[in-house]
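Letter by letter, the chains look like this.
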Amino acid sequence: MMSGKAEAAVDKVFVKEMLEAFGREALEAAIDTKWAGKHICYFKELDSTNARAKQEADNGAAEGTLVVTDMQTAGRGRRGRSWNSPAGVNLYFTLILKPVYQPDKAAMVTLVMALAVAEGISLTCGMEAEIKWPNDVVVNGKKVCGILTEMNVEHGQIQCVAVGVGVNVGLQEFPPEIADKAASLEAECGKPVSRAALAANILKAFEKYYESFLQELSLSCIRDKYNRRLVNRDREVRVLDPQGEFQGIARGINEFGELLVERDDGSVTIVFAGEVSVRGIYGYTV
Ligand code: BTN
């Protein structure tokens, strides 16, 4: 017979193994959706889940197919940057969509995913997760997730939208250039986080919000929820616009996902994501 202490130690090992389990089986067991992530393409290693997702879509993969990997050798970030993607610690996935709407609507999907990730993190880790416009998810003011949406368009029609999500779950060390503004979930919440449960919670929320988005092809359905999580809301921000930098108070997004920034004279400037970055006046978020 095992002593109480020995039993507790076995339980601990069991829970740890359960939380660390990651791969097709763990994901299939955790994901409870109608279509988002119902079909999973899992790989131990990939160059980039976004690149692979676009190939899978070209080869006939259905809407909702999820491309997931344990590590990326050429993870892509926004603006041509790379995304640090070591093995065994983080979450990297791309969801394939095959919509009939016009290409100019696709940028809004990234904001839908940002809200889904923030909610998924809150539910899985039991802590506050905020959004830095347009689509970084931050915890305690530090970035824990990036989203990169890419699409294939032919003759003006979308062939596929690939919504790529990278979440720092257990990463301990960051490259020096981002060490002061990036963090991982486990470091912030102080306990182990199941990557499979996190993916499942994100996909469940995404499916719900994306279906509402499709009704109106606008973000009016999620605008309030998104704005409540906006880290800079009602705070002074610096808008780094290639046409000229300016400061103002961020008042939240409109139904198209553009940021409304109130200037000193009371006028409101509508900021479109494109080439523009928004920062806190002292640093990344505040
Ligand atoms: C950013 O720069 O903030 C966006 C980072 C997006 C990274 C994810 S990881 C999964 C997917 N595959 C990629 O190559 N990039 C995205």
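Before reading further, recall that the structure is shown in the block above.
Residues numbered from 1 in each chain as written. Predicted model: local features only at pLDDT ≥ 70, side-chain atom pairs only at ≥ 80, totals over all residues. Heavy atoms only, no water.

Enquirer: Describe the environment of Lys105, with residues and values.
Expert: Examined against the element boundaries, Lys105 turns out to sit in the loop between β3 (91-97) and α4 (107-125). Separated by 38 residues in sequence, Lys105 and Lys143 place their C-alpha atoms 25 Å apart. Those residues in contact with Lys105, other than ones at most four positions away along the chain, are Phe213 and Leu217. (Helix = DSSP H or I, 4+ residues; strand = E, 2+ residues; numbered from the N terminus. Contact = heavy atoms within 4.5 Å.)

Enquirer: Can you explain the pairing of strand β10 (residues 259-262)? Please cite residues and give values.
Expert: As judged from the three bridges shared by strand β9 (residues 246-253) and β10, these two strands associate in the antiparallel manner. Within β10, the position partnered with Ile253 by the bridge is Leu259. Across four bridges, the pairing between β10 and strand β11 (residues 268-271) is antiparallel. Along β11, the bridge assignment pairs Leu260 with Ile270. Counted between consecutive antiparallel strands, the loop separating β10 from β11 contains five residues, among which Gly266 sits at a positive phi close to 90°. (Pairing = 2+ DSSP bridges.)

Enquirer: Tell me about helix α3 (residues 49-58), residues and numbers included.
Expert: In an α-helix, one full turn covers 3.6 residues, which means residues spaced three or four apart are oriented alike. Within α3, seven of the ten residues are buried, which leaves the element mostly enclosed by the surrounding structure. Considered for burial, the residues of α3 that qualify are Thr49, Asn50, Ala51, Ala53, Lys54, Glu56 and Ala57. Taken together, the buried residues of α3 touch β1 (40-43), β2 (66-69), β3, β6 (142-154) and β7 (157-167). Regarding α3, its N-cap is Ser48, as a side-chain oxygen of that residue lies 3.1 Å from the backbone nitrogen of Asn50 further along. Directly after α3, the chain includes Gly60, whose backbone phi takes a positive value near 105°. (Buried < 20%, exposed > 50% of the residue type's maximum accessible area, 1.4 Å probe, protein only. Polar contact = N/O pair within 3.5 Å; in protein donor to acceptor, adjacent residues only side chain to side chain.)

Enquirer: Any chance you could break down the packing of aromatic side chains for me, citing the residues and the numbers?
Expert: The tally for this structure, following the rule as stated, stands at five aromatic pairs. Taken together through their ring pairs, the aromatic side chains of Trp35, Tyr101, Phe206, Tyr210 and Phe213 make up a single cluster. Its guanidinium or amino end placed over the ring of Phe22, Arg195 lies 4.2 Å from that ring's centre, counting from NZ or CZ. Directly above the ring of Phe246 sits Arg263, whose terminal nitrogen or CZ lies 3.9 Å from the centroid. (Phe/Tyr/Trp six-rings, centres within 6.5 Å; stacked < 30°, edge-to-face > 60°. Lys NZ or Arg CZ within 6 Å of the ring centre and 35° of its normal.)

Enquirer: Report on the packing of α4 against helix α6 (residues 195-216), specifying residues and quantitative values.
Expert: Across the interface, α4 lies against α6 with an axial gap of 8 Å and an inter-helix angle of 140°. Of the possible angle classes, the one that applies to α4 and α6 is oblique. In this structure, α4 crosses over α6, and the sense of that crossing is right-handed. Listed contacts from α6 to Met108, Val109, Val112, Met113, Leu115, Ala116, Val117, Glu119, Gly120, Ile121, Leu123 and Thr124 of α4 are Ala197, Leu198, Asn201, Ile202, Ala205, Phe206, Tyr209, Tyr210 and Phe213. By residue class, the composition of the contact of α4 with α6 is 17 nonpolar, three polar and one charged. (Axes fitted to C-alpha atoms, helices over the stretch in contact; angles between N-to-C directions. Parallel < 35°, antiparallel > 145°, perpendicular 65-115°, else oblique. Left-handed = near helix turned anticlockwise from the far one by under 90°. Nonpolar A, V, L, I, M, F, W, Y, C, P; charged D, E, K, R; others polar.)

Enquirer: Would you mind going over the site of the ligand in detail, with residue names and values included?
Expert: Inspection of the region around the ligand gives 19 residues, with Ser48, Thr49, Arg76, Arg78 and Lys143 positioned closest. Side-chain polar atom of Ser48 to an oxygen atom of the ligand: 2.8 Å apart, as the coordinates give it. Between an oxygen atom of the ligand and a side-chain N or O atom of Lys143, the distance comes to 2.6 Å. For the ligand, the protein covers 98% of the area, taking 420 Å² as the surface of the free molecule. Element by element, the count of residues in the shell around the ligand is highest for β6, at four residues. (Near = heavy atom within 4 Å. Areas by Shrake-Rupley, 256 points an atom, 1.4 Å probe, with all protein chains shown as cover.)

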